[in-house]
Amino acid sequence: VQLQAFGGGLVQAGGSLRLSCAASGDSFTQYTMAWFRQAPGKEREFVAAIRRSVSNTYYSDSVRGRFTISRDNAVSMVYLQMNSLKPEDTAVYYCAADARLILSSIRMAQHYDYWGRGTQVTVSS
C-alpha cells in the first residue's frame, strides 16, 4: 500500500487542523492505520491508531481528548482531527499502515511496514 499524507500547516495555539492520508492499493480494510509524529531532535512517537474496525481507536496520552482518528474505508482514507493544538504538537506527522499488527505493538513505529511522507504541522504560541 502507498500512503500520502497532507493537510499540515501553520496554526496558532488553540486552533485546529485536519490531516488526511490517502492510501492506494488493494485491501485497505485489512490495514491498521496510524499517525506518528517526529519533532526536531526527538524520536518518532505514536499519536493515534485505528484498527480495521472503526470502533477500535487508540491514542497517546498527550493527545487523548484533543485529537480524533477516523477512517473511511469506502475511499481508502484516514484522518486525524487535531483540536486545541499546542506548540508542543509541532512536528512532522506521518501516516503508517500495517496488516499484521497485534494489539501490543500498535504504538510501536518499528512494527509498521508502510509509511507515507510526512506533513509538517507548526503550532505557534
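Use the structure listed above.
All figures in this text were calculated on a predicted structure; none of them were measured in a lab.

Regarding its fold elements, the protein chain presents 0 helices and 11 strands. Each helix (α) and strand (β) of the protein chain, taken in turn from the N terminus, gives the series β-β-β-β-β-β-β-β-β-β-β. Here the protein chain has a C-alpha radius of gyration of 13 Å; the compact-globule value for 125 residues is 14 Å, and the two agree. The principal-axis extent of the C-alpha atoms belonging to the protein chain is close to 40 × 25 × 25 Å. Across the 125 residues that make up the protein chain, the buried fraction comes to 45%. Carbon and sulfur atoms provide 46% of the accessible area of the protein chain, an area that totals close to 6,400 Å². Side chains of the protein chain carry 13 positive and 9 negative charges; the gap between the two charge centres is 2 Å.

It is worth spelling out the sheet that holds strand 1 (residues 2-6) at this point. Taking strand neighbours across the sheet as the criterion, the 4 strands line up as 1-3-8-7 in an open arrangement whose pairing is antiparallel. Here the strands that pair on one side only, and so sit at the sheet edges, are strand 1 and strand 7 (67-72). The average angle at which neighbouring strand axes cross in this sheet is 15 degrees, direction not considered. As defined by bridge partners, strand 1 adjoins strand 3 (residues 17-24) across 5 bridges and the pair is classed as antiparallel. Each bridged residue has a counterpart across the sheet, and for Ala 5 the counterpart in strand 3 is Cys 21.

Here the focus is the environment of Ala 39. Positionally, Ala 39 belongs in the loop between strand 4 (32-38) and strand 5 (45-50). In this structure the C-alpha to C-alpha distance between Ala 39 and Gln 120, which are 81 residues apart in sequence, comes to 9.6 Å. Residues in contact with Ala 39, not counting those within four places in the same chain, are Thr 90 and Ala 91.

This part covers the packing of aromatic side chains. Enumeration according to the criterion identifies 6 aromatic pairs in this entry. Between the aromatic rings of Phe 36 and Tyr 112, the centroid separation amounts to 5.2 Å while the plane-to-plane angle is 75 degrees, which identifies the pairing as edge-to-face. Taken together, the residues span a long stretch of sequence, with Phe 36 in strand 4 and Tyr 112 in the loop between strand 9 (91-98) and strand 10 (114-115) at a distance of 76 residues. Among the residues examined, Phe 36 registers a relative accessible area of 0% and is labelled buried. The interplanar angle of 75 degrees and the centroid separation of 6.4 Å between the aromatic rings of Tyr 94 and Trp 115 together place this pair among those described as edge-to-face. Taken as a pair, Tyr 94 in strand 9 and Trp 115 in strand 10 lie far apart in primary sequence, 21 residues in all. The class for Trp 115 is partly exposed, based on a relative accessible area of 28%. Three or more aromatic residues link up through ring pairs in this structure, and these residues are Phe 36, Phe 46, Tyr 94, Tyr 112 and Trp 115. One cation-aromatic arrangement involves Arg 44 over Tyr 94; the distance from NZ or CZ to the ring centre is 3.8 Å.

Rules and cut-offs
- Residue indices begin from 1 for each chain and proceed along its sequence in written order.
- Where totals are concerned, whole chains, interfaces and linings use all residues; where local detail is concerned, this predicted model gives features only for residues with pLDDT of at least 70, and gives and counts side-chain atom pairs only at 80 or more.
- Excluded from the side-chain calculations are hydrogens and water; all other atoms, namely the structure's heavy atoms, are used.
- A helix here means a DSSP run of H or I that spans at least four residues, while a strand means a run of E at least two residues long, and both kinds are numbered starting from the N terminus.
- In this setup the radius of gyration rests on C-alpha atoms only. A globule is expected at 2.2 Å times the number of residues raised to 0.38.
- We call a residue buried when its accessible area falls under 20% of the maximum for its residue type, exposed when it is over 50%, and partly exposed in between, using a 1.4 Å probe and counting protein chains only.
- Shrake-Rupley sampling with a 1.4 Å probe provides the accessible areas, and residues are treated as covered by the protein chains on show and by no other component.
- Only four residue types enter the tally: Lys and Arg on the positive side, Asp and Glu on the negative side, with His and both chain ends excluded.
- The atoms used to mark charge sites are NZ of Lys, CZ of Arg, CG of Asp and CD of Glu.
- Any two strands between which DSSP finds at least two bridges are classified as paired.
- All axes here are fitted lines through C-alpha atoms, helices being fitted over the stretch that makes contact, and every angle between N-to-C directions spans 0 to 180 degrees.
- In this description, contact between two residues means that some pair of their heavy atoms is separated by no more than 4.5 Å.
- Stacked, edge-to-face and tilted are the three classes for Phe, Tyr and Trp ring pairs, Trp counted by its six-membered ring, which pair at centre distances within 6.5 Å; planes under 30 degrees apart are stacked, over 60 edge-to-face, the rest tilted.
- Look at NZ for Lys and CZ for Arg. If either is within 6 Å of the ring centre and within 35 degrees of the ring normal, a charge sits over the ring.

Shape is all these values report; function is a separate question.
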